[in-house]
Amino acid sequence: MQIDIFDISHSGSGVGKVDGKVAFVKYTDIGEKVECRLKSETSKFANFEVVKVLKPSKFRIEPRCPYFSVCGGCDFQHLSYDRELELKKLILKNELKKVNFCGDVEIVKCSKRFNYRNKIKLAYFNGKLGYNLEKSHEFLEIESCPLADDKISYAIQDVKVFLKNNHFKYLKNVYFRSCDKDVLITFLFSQKEKFEVDENLKKYSVFKAIGAILESDKTKIFKLCGNNQLFKTFNTFKFNVDAKSFMQVNDEIAFKLYDEIISLTSGQNVINAYSGQGLLSVLLSTKCQHVVGIEMQKSAHEIAEKIKTQNVTNLNGKVEDILPNLVKKQRYDTIILDPAREGCKKEVLSAIENEKIHNIIYISCNFPSLIRDLKLLDNYQIELVEIFDMFPNTANMEVLAKLCLK
Ligand SMILES: C[S@@+](CC[C@H](N)C(=O)[O-])C[C@H]1O[C@@H](n2cnc3c(N)ncnc32)[C@H](O)[C@@H]1O
């Protein structure tokens, strides 16, 4: 089956048509003609895989990773970085039409297309480390991941040696997180199991966790070895890093994003909703009179309390439970929303609309939920949209939308 690719889907697949039906073909580019094989089909669309590229895009390059197109984590390694950025812009612009935004979209590129991730989660299976493939539920053993930063890549090799000599029944995942000098390695077990760190791992900060997912407040976590205080530096500001709390995965882009949020924030009273470990609240507090951070995860809230300045208040709980009352009691000038992939709950958006908060800076790592939420903010006008390329090689993007009251 031959397909002409004429568009790009929001998940980064090439789009073509077969017998009038929409066809999605991964790892292609607009303008290509490809020989394809059917993978799956519904009444509305069909997914194909490339057998042969008949008319290649001039932006095609050799993918760097041997697991590209198998592991499913990357979407654009077959194209140059500039082309990837163009496609990301196009994808977002197409989506923004749904909220009648036709302005330009700036993109802040990352200086590293590879080795940018400060956090990697690997699966453990039969003594091996790798990825659980989302679609097929199969396990893929990997040597390394080219998206991981260098410190993590070394640590992965050491953990592989450790796992050759130590077998576990209940080990589910190994998490790697890098900070200024250290790498934090967390072994997540589904049940209690004997675990001792060997000499080779003692150069790392090693944690053992027991639970279903690491991020949950229910998951118990124990430190086995390594430095007591772990830090990351942003400009002249040093902040604590722990094994569990949310941390942006790409330092360069996270810090560029924070700089932009600070420069776009206006007024003296600011809410930083979904505030994580509170770094942004502290940075904002140098510009504003009072910053209120809201975060539901206990471990992140505790770090935020440690690093806060005098004019920061951190509230521990769900934004949807706290925000509606908060904004009734006092006037806020700007609200920063940086929710998880699901976006904001309706009651959060209606509270903002009801209290007529002047500015909203919405940061999203999942633009379909951003678009859904923007549709609900009727009384606001979109002033600016920017992409921060937090996740090069993948179709994921960090999007900043600045809105103001109409
Ligand atoms: C995308 S992260 C942003 C963190 C922070 N702004 C940063 O840059 O590090 C989302 C954060 O929201 C928290 N969160 C998710 N749902 C929440 C909710 N309903 N209420 C409060 N916090 C929530 C998560 O624990 C996580 O720390």
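Everything quoted here is computed from the prediction, not taken from an experiment.

The rules behind each value
- Every chain is numbered independently, its residues counted from 1 as its sequence is written.
- Thresholds applied to this predicted model are a pLDDT of at least 70 for local features of residues and 80 or more for the giving and counting of side-chain atom pairs; totals over whole chains, interfaces and linings are not thresholded and use all residues.
- Counting from the N terminus, the helices are DSSP H or I runs at least four residues long and the strands are E runs at least two residues long.
- As a reference, a globule follows 2.2 Å times the number of residues to the power 0.38, and the radius of gyration itself is taken over C-alpha atoms.
- As a rule, residues whose C-beta atom has 12 or fewer other C-beta atoms within 10 Å are exposed, those with 20 or more are buried, and those in between are partly exposed; C-beta atoms are placed from the backbone.
- By definition, two strands form a pair when at least two bridges between them are found by DSSP.
- By definition, a residue lies near a molecule or strand when the C-beta atom built from its backbone is within 6 Å of it.
- Throughout, the ten residues Ala, Val, Leu, Ile, Met, Phe, Trp, Tyr, Cys and Pro are labelled nonpolar, Asp, Glu, Lys and Arg are labelled charged, and all others, Gly among them, are labelled polar.
- Here a helix's expected span is defined as the number of its residues, less one, multiplied by 1.5 Å.
- An arc is given here, and it is the one of the directions from the helix axis to the C-beta atoms.
- Between the N-to-C directions of two axes lies an angle of 0 to 180 degrees, each axis being a line fitted to C-alpha atoms and, for a helix, fitted only over the stretch in contact.
- Oblique is the label for every angle not falling under 35 degrees (roughly parallel), over 145 degrees (roughly antiparallel), or within 65 to 115 degrees (roughly perpendicular).
- Handedness of a crossing is defined here by the sense of rotation of the near helix relative to the far one, left-handed for an anticlockwise turn of less than a right angle and right-handed for a clockwise turn.
- By the criterion used throughout, residues are in contact when their C-beta atoms, derived from the backbone, lie within 7 Å.
- A set of buried residues qualifies as a nonpolar core if it consists of Ala, Val, Leu, Ile, Met, Phe, Trp, Tyr and Cys joined through C-beta atoms within 7 Å.
- Residue ranges for the domains trace back to a domain assignment, done automatically or taken from a database.

A. Spotlight on the overall build of the protein. Looking only at helices and strands, one finds 8 helices and 23 strands in the protein. Here the protein has a C-alpha radius of gyration of 23 Å; the compact-globule value for 406 residues is 22 Å, and the two agree. Taken over the C-alpha atoms alone, the protein extends approximately 65 × 60 × 35 Å along its principal axes. Out of the 406 residues belonging to the protein, those deemed buried represent 42%.

B. Spatial organisation of the pairing of strand S4 (residues 21-25). Note: strand S3 (residues 14-18) against S4, 5 bridges, orientation antiparallel. Across the sheet, residue valine 18 finds its bridge partner in S4, namely lysine 21. Taking the residues that link successive antiparallel strands as the turn, the S3-S4 hairpin has 2 residues, and the phi of aspartate 19 there is positive, at about 50°.

C. Just the pairing of strand S5 (residues 33-41), in detail. Relative to S5, strand S1 (residues 2-4) is paired through 3 bridges, and the arrangement is antiparallel. Each residue of the ladder has a partner; that of aspartate 4, found in S5, is lysine 33.

D. Structural context of the site of the ligand. Around the ligand sit 19 residues, and of these Phe246, Tyr274, Gly276, Met296 and Asp338 come closest. Taken together, the elements giving at least two residues each to the shell around the ligand come down to strand S18 (290-295) and helix H6 (319-329). When grouped by side-chain class, the residues that make up the shell around the ligand number 10 nonpolar, 5 polar and 4 charged.

E. A look at the environment of lysine 135. Note on placement: lysine 135 falls in the loop between strand S9 (128-132) and strand S10 (139-141). A sequence separation of 143 residues divides lysine 135 from glycine 278, and the C-alpha atoms of the two residues are 35 Å apart.

F. View of helix H2 (residues 150-165). Its 16 residues give H2 an end-to-end C-alpha distance of 24 Å, which sits within 8% of 22 Å, the value for a rise of 1.5 Å per residue. When we look at burial in H2, the residues that qualify are Ile152, Ala155, Ile156 and Val159. Along H2, the residues classed as buried sweep out an arc of 110° about the axis, all on the same side. In H2, the exposed positions angled more than 90 degrees off the buried face are occupied by Asp150, Val161, Lys164 and Asn165.

G. Looking closely at the packing of H6 against helix H7 (residues 346-354). Viewed as axis vectors pointing N to C, H6 and H7 meet at an angle of 15°, and their least axial separation amounts to 9 Å. Classed by the angle they form, the pair H6 and H7 counts as roughly parallel. As H6 packs across H7, the resulting crossing turns out to be left-handed. The residues of H7 that touch H6, namely those facing Val319, Glu320, Leu323, Pro324 and Val327, are Glu347, Val348, Ala351 and Ile352. For the contact of H6 with H7, the residue count by class is 7 nonpolar, no polar and 2 charged.

H. Local environment of the sheet that holds strand S11 (residues 171-178). As summarised here, the arrangement of the 7 strands in space is S10-S9-S8-S11-S12-S13-S14, forming an open sheet in which the pairing is mixed. In this open sheet, the two strands that pair with only one neighbour each are S10 and strand S14 (220-225). Strand-to-strand twist in this sheet, taken as the mean axis angle between neighbours without regard to direction, amounts to 35°. Across 5 bridges, strand S8 (residues 119-125) lies against S11 in antiparallel orientation. Bridge pairing links lysine 121 to tyrosine 175 in S11. H2 contacts S8, S9, S11 and strand S12 (183-189) of the sheet and is inclined by roughly 150° relative to S11.

I. Structural detail: H7. Within the sequence span of H7, burial applies to Val348, Leu349, Ala351 and Ile352. Down the axis of H7, the smallest arc covering the buried residues is 160°, so these residues share one side. Those residues of H7 that are exposed and aimed more than 90 degrees away from the buried face are Lys346 and Asn354. Buried-residue contacts for H7 involve H6, strand S20 (334-337), strand S21 (359-364) and helix H8 (367-376). Just downstream of H7, lysine 356 is the residue with a positive phi angle, here 55°.

J. Local environment of the sheet that holds S3. Taken together, the 6 strands give an open sheet; going across it, the order is S1-S5-S6-S4-S3-S2, and neighbouring strands pair in mixed fashion. Two strands close off the open sheet at either side, each with one partner strand: S1 and strand S2 (7-8).

K. Local environment of the nonpolar core. Ranked by size, the top nonpolar core spans 62 residues in total, and within it Ala273, Ile294, Leu323, Ile335, Leu337, Ile360 and Val399 carry the most contacts. The residues touching alanine 273, leaving out its near neighbours within four places in the chain, are Ile294, Val319, Leu323, Ile335, Ile336 and Leu337.

L. Focus on the domain arrangement of the protein. Its domain assignment divides the protein into domain 1 (1-58), domain 2 (119-232) and domain 3 (249-405). Distance between the C-alpha centres of domain 1 and domain 3: 37 Å.

M. Region of interest: unusual backbone geometry. The residue asparagine 100 is not glycine, and still its phi comes out positive at about 60°. Inspection of the secondary structure puts asparagine 100 in the loop between helix H1 (81-96) and strand S7 (106-108). Of note in this structure, asparagine 393 is not a glycine but carries a positive phi near 80°.

N. Quick peek at the environment of aspartate 104. Looking at the element boundaries, aspartate 104 is found in the loop between H1 and S7. In the structure, aspartate 104 is positioned 281 residues away from valine 385 in sequence and 7.6 Å away in space, judged by C-alpha atoms.

O. Highlighting the environment of isoleucine 5. Within the secondary structure layout, isoleucine 5 lies in the loop between S1 and S2. What makes isoleucine 5 buried here is the crowd of 24 C-beta atoms within 10 Å. It is 8.9 Å that separates the C-alpha atoms of isoleucine 5 and alanine 23, two residues lying 18 residues apart in sequence. In this structure, isoleucine 5 is in contact with Gly14, Val15, Gly16, Val25, Thr28, Asp29, Ile30, Gly31, Glu32 and Val34, ignoring residues within four places of it in sequence.

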